[in-house]
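Read off the chains here:
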Amino acid sequence: DAGEQTKVTESIQDFLDKNFAIENDFEFIFGTLEWIRHNITGFDWETDGIQNFRKRTSEEILKSKKSCGCSDHAILFRGFMVARKLPSYYVEYLEKDFLVNELNNMYSGHVLVRVKIKDHWYLVDPTTGAMTIGSIRSLIRGKEYVKYKEGFDSWDIGINDWDSYAKASLKFRDEWTNENT
């Protein structure tokens, strides 16, 4: 299923048909990850990043070739998975350090995509191109993360701009702290 941000559009399908007419799902995934890594660049956060944060669709991200970070990478990649008809989910994580330290107001997290190929689910980091059958710890070393929500895309989990991300992060921190202390 697609979310509002990850709907298959004619331009997404045309792009994939022209560039990734590959039968093997793993080759398709690694090909699209490689393309994202080499062709999607970051917005300047101060001038364009905050204005575009969590506000665009996979089609808009593909057209601009600009990203606000891991969420845009995940939205674009998940859009590709939806077009390919591979079961997948957008997965939002928050840094554990943010959750355990009330003085830490740096809303910090990471977004991955969970993809099913044959009978196995894989976690994919579209920002780095890494993929694992294990946990997020297998992909990102040095930091601990806690899963916040999983859905079809950022809008599906209730985050559509910086303010909604900040509010959701603080609310989750309060709930998580109450359950884990």
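Small disclaimer: the values here were computed from a predicted structure and weren't measured. (Residues numbered from 1 in each chain as written. Predicted model: local features only at pLDDT ≥ 70, side-chain atom pairs only at ≥ 80, totals over all residues. Heavy atoms only, no water.)

Asker: Which parts of the structure should I look at to understand the overall build of the protein chain?
Answerer: In terms of helices and strands, the protein chain carries eight helices and seven strands. Taking 181 residues into account, the globule formula puts the C-alpha radius of gyration at 16 Å, and the protein chain, at 16 Å, falls close to it. For the protein chain, the C-alpha atoms occupy an extent of roughly 50 × 40 × 25 Å along the three principal directions. Relative to its 181 residues, the protein chain shows a buried fraction of 46%. Taking the contacts inside the protein chain whose residues are at least 6 apart along the sequence as the reference set, 65% of them involve residues at least 24 apart. Taken together, the 24 basic and 30 acidic charged side chains of the protein chain have centroids lying 2 Å from each other. (Helix = DSSP H or I, 4+ residues; strand = E, 2+ residues; numbered from the N terminus. Rg over C-alpha atoms; globule rule 2.2 N^0.38 Å. Buried < 20%, exposed > 50% of the residue type's maximum accessible area, 1.4 Å probe, protein only. Contact = heavy atoms within 4.5 Å. Lys, Arg positive; Asp, Glu negative; His and termini not counted. Charge placed at Lys NZ, Arg CZ, Asp CG, Glu CD.)

Asker: What am I meant to see in the sheet that holds strand E6 (residues 130-132) here?
Answerer: Where strands meet in a sheet, backbone hydrogen bonds hold them as pairs that are either parallel or antiparallel. Pairing within the open sheet is antiparallel, and its five strands lie in the order E6-E5-E4-E3-E7. In this open sheet, the two strands that pair with only one neighbour each are E6 and strand E7 (145-151). Shown here is a sheet whose adjacent strand axes are inclined to one another by a mean of 30°, direction ignored. With six bridges connecting them, strand E3 (residues 88-95) and E7 associate as antiparallel partners. (Pairing = 2+ DSSP bridges. Axes fitted to C-alpha atoms, helices over the stretch in contact; angles between N-to-C directions.)

Asker: What's the story with helix H1 (residues 10-19) in this structure? I'm lost.
Answerer: Residues spaced three or four apart along an α-helix face the same direction, because each turn holds 3.6 residues. Taken residue by residue, H1 has Ile12, Phe15 and Leu16 as its buried positions. For H1, the angular spread of the buried residues around the axis is 95°, confining them to a single face. The exposed residues of H1 that point more than 90 degrees off its buried face are Glu10 and Lys18. The inward-facing, buried residues of H1 abut helix H2 (25-39), helix H4 (58-64) and helix H5 (70-84). (Arc of directions from axis to C-beta.)

Asker: Quick question: what am I supposed to make of the nonpolar core here?
Answerer: Buried together is how nonpolar side chains tend to be arranged in soluble globular proteins. Residues Ile29, Phe77, Phe80 and Val115 are the most contacted members of the largest nonpolar core, which totals 43 residues. Of all the elements, H5 adds the most residues to this core, at eight residues. If we ignore the near neighbours within four places in the chain, the residues touching Ile29 are Phe77, Met81, Leu86, Val115, Ile117 and Met131. Membership of the second largest hydrophobic core comes to seven residues, among which are Tyr93, Leu123, Ile136 and Ile140. (Core = buried A, V, L, I, M, F, W, Y, C linked by side-chain atoms within 4.5 Å.)

Asker: Quick question: what am I supposed to make of unusual backbone geometry here?
Answerer: Residues apart from glycine generally show negative phi values, whereas peptide bonds are mostly found in trans. Here the phi dihedral of Arg54 falls at roughly 65°; this positive angle occurs in a residue that is not glycine. With respect to the helices and strands, the residue Arg54 is situated in the loop between helix H3 (45-52) and H4.

Asker: What is the right way to read the packing of H1 against H5 from this model?
Answerer: Packed helix pairs are specified by the crossing angle of their axes together with the interaxial distance, meaning the distance between the axes. Axis separation between H1 and H5 bottoms out at 10 Å; the angle between their running directions is 80°. Taken together, the axes of H1 and H5 lie roughly perpendicular to each other. Between H1, through Ile12, Gln13, Phe15 and Leu16, and H5, the contact on the second element is made entirely by Gly79, Phe80 and Ala83. (Parallel < 35°, antiparallel > 145°, perpendicular 65-115°, else oblique.)

Asker: Help me understand the packing of aromatic side chains in this model?
Answerer: The final tally for this structure, using the stated rule, is 14 aromatic pairs. Ring geometry for Tyr89 and Phe152: centres 6.3 Å apart, planes at 15°, overall stacked. Highlighted residues: Tyr89 in strand E3 and Phe152 in the loop between E7 and helix H8 (162-180), separated in sequence by 63 residues. Classification of Phe152 as partly exposed rests on a relative accessible area of 23%. Among the aromatic side chains, those forming a connected cluster through ring pairs are Phe15, Phe20, Phe28, Trp35 and Phe80. For Arg84, the ring lying beneath its charged end belongs to Phe28, and the centroid distance is 4.5 Å. For the cation-ring pair, Arg114 lies above Trp121, with the distance from its terminal atom to the ring centre recorded as 4.2 Å. (Phe/Tyr/Trp six-rings, centres within 6.5 Å; stacked < 30°, edge-to-face > 60°. Lys NZ or Arg CZ within 6 Å of the ring centre and 35° of its normal.)

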